[in-house]
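Now for the letters of each chain:
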There are 2 protein chains.
Amino acid sequence: MRVAILTHGKFPDRAKTALGILRYGDHEVVGLLDRERAGQRVTDIVPDVQDAPIVDSMADVPACDALVIGVAPIGGGFEDSWRDDVRTAIERGCDVIAGLHYFLADDDEFSQLADEYGVELRDVRNPPDDLTVADGDADEVDAQVVLTVGSDCSSGKMTTSYELRTAARKRGLDAAVVPTGQTGILISGWGIAIDRVISDFAAGAIERIVTQAGDHDVVFVEGQGALAHPAYSGVTTAILHGAQPDSLVFCHVAGNEQFGGYPSFEIPPLPEYVELYEQMAAPLGGATVDAGSLNTQGMGDEAANEAIRDFRAAIDSPATDPVRHGCDEILDAIL
Amino acid sequence: MRVAILTHGKFPDRAKTALGILRYGDHEVVGLLDRERAGQRVTDIVPDVQDAPIVDSMADVPACDALVIGVAPIGGGFEDSWRDDVRTAIERGCDVIAGLHYFLADDDEFSQLADEYGVELRDVRNPPDDLTVADGDADEVDAQVVLTVGSDCSSGKMTTSYELRTAARKRGLDAAVVPTGQTGILISGWGIAIDRVISDFAAGAIERIVTQAGDHDVVFVEGQGALAHPAYSGVTTAILHGAQPDSLVFCHVAGNEQFGGYPSFEIPPLPEYVELYEQMAAPLGGATVDAGSLNTQGMGDEAANEAIRDFRAAIDSPATDPVRHGCDEILDAIL
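Read on for a plain summary of the structure. From a predicted model like this one, the values you see are computed outputs, not experimental measurements.

## Remarks on the interface of chain B and chain A
Note: interface size is frequently given as the accessible area lost on complex formation between the parts.
1) Next: Counting residues at the interface gives 39 residues for chain B and 39 residues for chain A.
2) Next: Overall, the association of chain B and chain A removes approximately 3,000 Å² of surface from exposure, summing both partners, and the carbon and sulfur fraction of that is 62%.
3) Next: The largest per-residue losses of area from chain B upon contact with chain A belong to B:Ile198, B:Ser199 and B:Asp200, which jointly make up 18% of the total buried on that side.
4) Next: For the interface between chain B and chain A, the tally reads 2 salt bridges.
5) Next: Close ionic contact of A:Arg125 with B:Asp200 constitutes a salt bridge, the shortest N to O distance being 3.7 Å.

Have a look at this one:
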């Protein structure tokens with residue numbers, strides 16, 4: 001599938017969805033729409049992913065199958081400055097794929113235009129409508145279930161899940177990611193955006209997708225939010241208890257001390273944070289944090305390795321930066 | 001308002017909504033629809049609430065303003081054996097009020113009939129459509145915020161909240177309940193059914209209703225679910241972190257050892273359970289369990305008092321059964 005990705009003003013740091021597709025997806029990316037970076041190329045900015053030209057607008061990309069909204073602003077709203085590009089995409093016969101809380105299909109203009117041009121508006125955050133409450137039986141699957149958890153949102157849970165999948169496959173294991181957010185769903189082509197599920201059914205939704213993936217050797221469940229997050233801890237709890245994992249991998253961004261977007265909220269000290277995850281897991285299956293994943297992006301080698309050593313000591317488990325050093329240390333600890 | 005309440009086959013033990021209205025609501029209940037108890041009166045079965053005749057069907061009740069669906073089955077579905085009564089109610093000009101996940105307004109037959117007879121279908125579980133993620137500022141309200149938490153669903157959180165409200169008012173305080181479930185909303189006439197809110201906005205919804213009630217002296221936030229519950233712990237976490245309470249009151253039903261409906265899941269030992277609540281509260285405001293509420297319904301006085309003593313020791317805080325002994329012990333501990 002040939003796609004264009006929209007990230008206006010947000011690439012790369014606030015364009016997690018775009019980065020995930022560029023790094024782990026099977027799509028051919030024909031252009032990245034970002035007014036503030038137009039004229040550059042993706043690999044000028046992020047060297048280790050699929051390259052693509054960065055352009056001003058949808059009018060500037062070659063023919064493709066779909067436009068993907070590659071950002072996920074807090075609250076998941078649609079920014080009206082994107083409207084022209086979505087309109088152009090539809091008029092050029094492209095599907096439009098988004099993971100926003102605001103559903104494109106509910107937008108009168110887009111939905112009319114999509115009908116007219118025979119294209120599809122795919123809101124991947126829209127959960128199935130037959131979800132139920134959890135039965136509490138996710139621990140019955142054959143697969144080893146590994147859940148990535150973290151100190152905050154955007155702490156590397158999705159990246160770590162996919163890096164672990166790649167590394168486990170290299171070891172000959174039948175490994176899969178269980179996607180719980182819009183980017184993972186766009187990359188893997190299945191999953192449920194758990195933050196969009198109504199609260200009562202959130203654990204049940206996780207139970208369902210873990211069970212669906214249960215015939216693999218090992219599954220890496222993509223965690224969401226964080227257990228001490230001021231807004232998203234309920235989602236994190238539903239995933240932890242719905243998945244009933246065998247192991248937790250704790251993800252953190254080196255140096256982060258406050259919650260992103262919540263500067264008055266301190267991230268708890270990591271040893272206490274790890275304990276909190278284990279205490280919450282204890283009543284339902286009892287997973288422990290068996291390894292850690294530290295994002296040291298942008299640091300020099302020496303500083304990064306020192307940060308990893310400190311992180312290992314803080315969480316009292318093997319840990320590494322899977323992007324910098326590969327996943328062996330983590331896999332050895334959890335398999 | 002004159003209402004009839006439907007509980008077919010579920011009164012009293014599985015009709016929490018009906019009991020709440022009979023005990024704390026301002027409505028005049030003209031009849032309870034329960035085929036299995038028809039011919040009896042409410043106070044033959046539950047002596048300490050508003051009395052009403054129990055009848056077979058909607059055809060047997062005197063004129064009234066509304067029919068309330070007084071049960072909340074697991075999953076929140078509509079049972080087709082209730083259809084005749086709802087139809088009759090609409091045809092008699094009654095509004096129909098329900099707290100189900102299944103919205104009456106989405107039912108083609110009911111919605112057409114309601115239009116025809118000019119009555120309203122009120123689905124109180126339907127949350128506002130302008131909810132947002134939490135800002136983390138619920139702790140800025142002037143009111144003292146007390147959250148009832150519990151060992152399980154149906155452990156007395158709503159009852160304790162309303163009993164504490166009544167007792168605090170008797171002490172001259174301006175007290176209110178912040179309703180988070182369908183029964184509380186039916187009793188108080190406002191609130192948000194938090195289990196129906198999409199996960200991302202659950203903490204934000206709680207923050208909103210706590211802030212709305214923030215000008216009272218003290219507010220009792222009605223908790224939901226339980227922190228170690230296999231299906232609903234995400235809802236509980238969102239309430240705990242969204243409300244940022246000053247005090248927790250821990251509710252339990254004497255003798256319960258497994259989660260209701262989940263017989264293979266043991267309720268954690270109470271001392272550990274209380275610790276878990278405090279550990280989860282710590283990163284966001286840091287509330288402690290300052291008192292306990294034990295439901296000893298059906299026990300003799302001596303056995304009840306022994307159970308209360310054991311419960312106090314287990315949770316290491318003052319505790320009582322507010323229905324049996326009043327709320328003074330709890331109020332003294334938290335005010």
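## Examining the relation of the copies chain B and chain A
Note that the two copies of the chain are related through a rotation about an axis and a translation along the same axis.
1) Next: By a simple turn and slide, chain B fits onto chain A: the slide is 0.1 Å along the axis, the RMSD is 0.1 Å, and the turn is 180°. Those values place the two copies in the arrangement expected of a two-fold rotation axis.
2) Next: Both copies share a contact surface, since 100% of the interface residues of chain B are interface residues in chain A too.

## Focus: unusual backbone geometry
1) Next: Here the bond from A:Phe11 into A:Pro12 is cis, since omega is 0°, no more than 30 degrees from zero.
2) Next: Relative to the helices and strands, A:Pro12 is located in the loop between strand E1 (2-6) and helix H1 (16-24).
3) Next: Backbone geometry places A:Asp316, a non-glycine residue, at a positive phi of 55°.
4) Next: Residue position: A:Asp316 is located in the loop between helix H10 (301-315) and strand E14 (319-320).
5) Next: Of note in this structure, B:Ser154 is not a glycine but carries a positive phi near 50°.
6) Next: If you trace the backbone, B:Ser154 turns up in the loop between strand E7 (144-150) and helix H5 (157-170).
7) Next: On the basis of relative accessible area, B:Ser154 is assigned to the partly exposed category, the value being 48%.

## With respect to the sheet that holds strand E2 (residues 28-33) of chain B
All names here are of chain B.
1) Next: Read across the open sheet, the 6 strands follow the order E3-E2-E1-E4-E5-E6; overall the sheet is parallel. At either margin of the open sheet sits one strand with a lone partner, and together these are strand E3 (54-55) and strand E6 (121-123).
2) Next: Alignment of strand E4 (residues 66-69) against strand E5 (residues 95-98), held across 3 bridges, turns out to be parallel. Paired with Leu 67 across the bridge in E5 is Val 96.

What counts as what
- Every residue gets a number counted from 1 within its own chain, in the order that chain's sequence is written.
- Lettering of chains starts at A and numbering of ligands starts at 1, both following the order in which they are written.
- Where local features are concerned, this predicted model is filtered to residues with pLDDT of at least 70; where side-chain atom pairs are given and counted, the filter is 80 or more; whole-chain, interface and lining totals use all residues.
- To obtain the side-chain values, all non-hydrogen atoms of the structure were included, while hydrogens and water were left out.
- Only heavy atoms matter for contacts: two residues are in contact if any of them lie within 4.5 Å across the pair.
- A simple way to read buried area is as the amount of 1.4 Å-probe accessible surface that goes missing from two parts once joined, with both sides added.
- Every case where a carboxyl oxygen of Asp or Glu lies within 4 Å of a side-chain nitrogen of Lys or Arg is listed as a salt bridge.
- In this comparison the copies share one frame, found by least squares on the C-alpha atoms of residues holding pLDDT of at least 70 in both.
- In this description a helix means any DSSP run of H or I spanning at least four residues, a strand means any run of E spanning at least two, and both kinds are numbered starting from the N terminus.
- Note on classification: 1.4 Å probe, protein chains only; a residue is buried when its accessible area is under 20% of the maximum for its type, exposed when over 50%, partly exposed between these limits.
- Strands were regarded as paired on the criterion that DSSP finds at least two bridges between them.

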